[in-house]
Structures are given as C-alpha cells and as structure tokens.
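# Structural features, examined
Here are the chains, one letter per residue:
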Amino acid sequence: MIVIVALVLGALWGALRAKKRGGNRLDMAQYGAVYAIGCALVALFLAIITERQLDPAYEGLTPAQTSEQPADQTTE
C-alpha cells in the first residue's frame, strides 16, 4: 500500500517539478514517470526493511534454517 502511495506522490512531484521548470506535457510525463519509479523503489526497500525488522521469524535465522525441507531432498 505504501508503495502505491509513493508511486502516486512521486508522479505528482515529478510533474510539478517539470512544470515549474517550464516543461511541456511530455516533459511532465517523463519527470513524473522517473520520480514515480524512484519513490516507489525507495518505499519498497523501506517496506521490506521494516517488515524484516518487525517480524520475529527473521531473528537470528539463516536461510537454511527458514525452510521446512532442504531444497536438495525430494519427497516421495
């Protein structure tokens, strides 16, 4: 949810910035797209970091300990 909000706010921020600099509609669209992608990526990383910090399942576990069954074994 926060990523979508950041995407929309980034698009608005970029479009307003291009308009302030005297850009036409295509400039506003390009700035909006670039700012939207950048803000969404930052929000995505922050959401992942926050989730990993708050979830007790990630504390002290290595990747091998998180799965129930090792990847190299097959079930019959």
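Each remark here, short or long, concerns the structure printed above.
This structure is a prediction, so every number in the text was calculated from the model and none was measured.

Moving on, we get to helix α2 (residues 25-54). The end-to-end C-alpha separation of α2 is 42 Å, in line with the 44 Å expected for 30 residues at 1.5 Å each. Along α2, the residues that are buried comprise Gly32, Tyr35, Ala36, Ala40 and Ala43. Buried residues along α2 sit in contact with α1 (2-20). Two or three places before leucine 26, at the start of α2, stands the capping residue asparagine 24, its side-chain oxygen 3.2 Å from that residue's backbone nitrogen.

Before going further, it helps to spend a moment on the packing of aromatic side chains. In this structure the tally under the stated criterion is two aromatic pairs. Centre to centre, the rings of tryptophan 13 and tyrosine 35 are 4.9 Å apart; their planes meet at 85 degrees, and the pair counts as edge-to-face. Here tryptophan 13, found in helix α1, pairs with tyrosine 35, found in helix α2; they are 22 residues apart in sequence, far enough to count as distant. Classification of tryptophan 13 by relative accessible area gives partly exposed; the value is 48%.

Along the polypeptide, glycine 10 turns up in helix α1. Glycine 10 gets classed as buried once you look at its relative accessible area, which sits at 0%. On a C-alpha basis, the gap between glycine 10 and isoleucine 37 in space is 7.5 Å, while along the polypeptide they are 27 residues apart. Those residues within four positions of glycine 10 in sequence are excluded, and the remaining contacts are Gly32, Tyr35, Ala36 and Cys39.

Right, let's get into the packing of α1 against α2. Put simply, α1 and α2 touch, their axes get as near as 6 Å, and they point 150 degrees apart. The chirality of how α1 crosses α2 is right-handed. Where α1 abuts α2, its residues Ile2, Val3, Ala6, Leu7, Gly10, Ala11, Trp13, Gly14, Ala15, Arg17, Ala18 and Lys19 lie against Asp27, Met28, Tyr31, Gly32, Tyr35, Ala36, Cys39, Ala40, Ala43, Leu44 and Ala47. Here the contact of α1 with α2 is built from residues that sort into 17 nonpolar, three polar and three charged.

Conventions and cut-offs
- Residues numbered from 1 in each chain as written.
- Predicted model: local features only at pLDDT ≥ 70, side-chain atom pairs only at ≥ 80, totals over all residues.
- Heavy atoms only, no water.
- Helix = DSSP H or I, 4+ residues; strand = E, 2+ residues; numbered from the N terminus.
- Expected span 1.5 Å × (residues − 1).
- Buried < 20%, exposed > 50% of the residue type's maximum accessible area, 1.4 Å probe, protein only.
- Contact = heavy atoms within 4.5 Å.
- Polar contact = N/O pair within 3.5 Å; in protein donor to acceptor, adjacent residues only side chain to side chain.
- Phe/Tyr/Trp six-rings, centres within 6.5 Å; stacked < 30°, edge-to-face > 60°.
- Axes fitted to C-alpha atoms, helices over the stretch in contact; angles between N-to-C directions.
- Left-handed = near helix turned anticlockwise from the far one by under 90°.
- Nonpolar A, V, L, I, M, F, W, Y, C, P; charged D, E, K, R; others polar.

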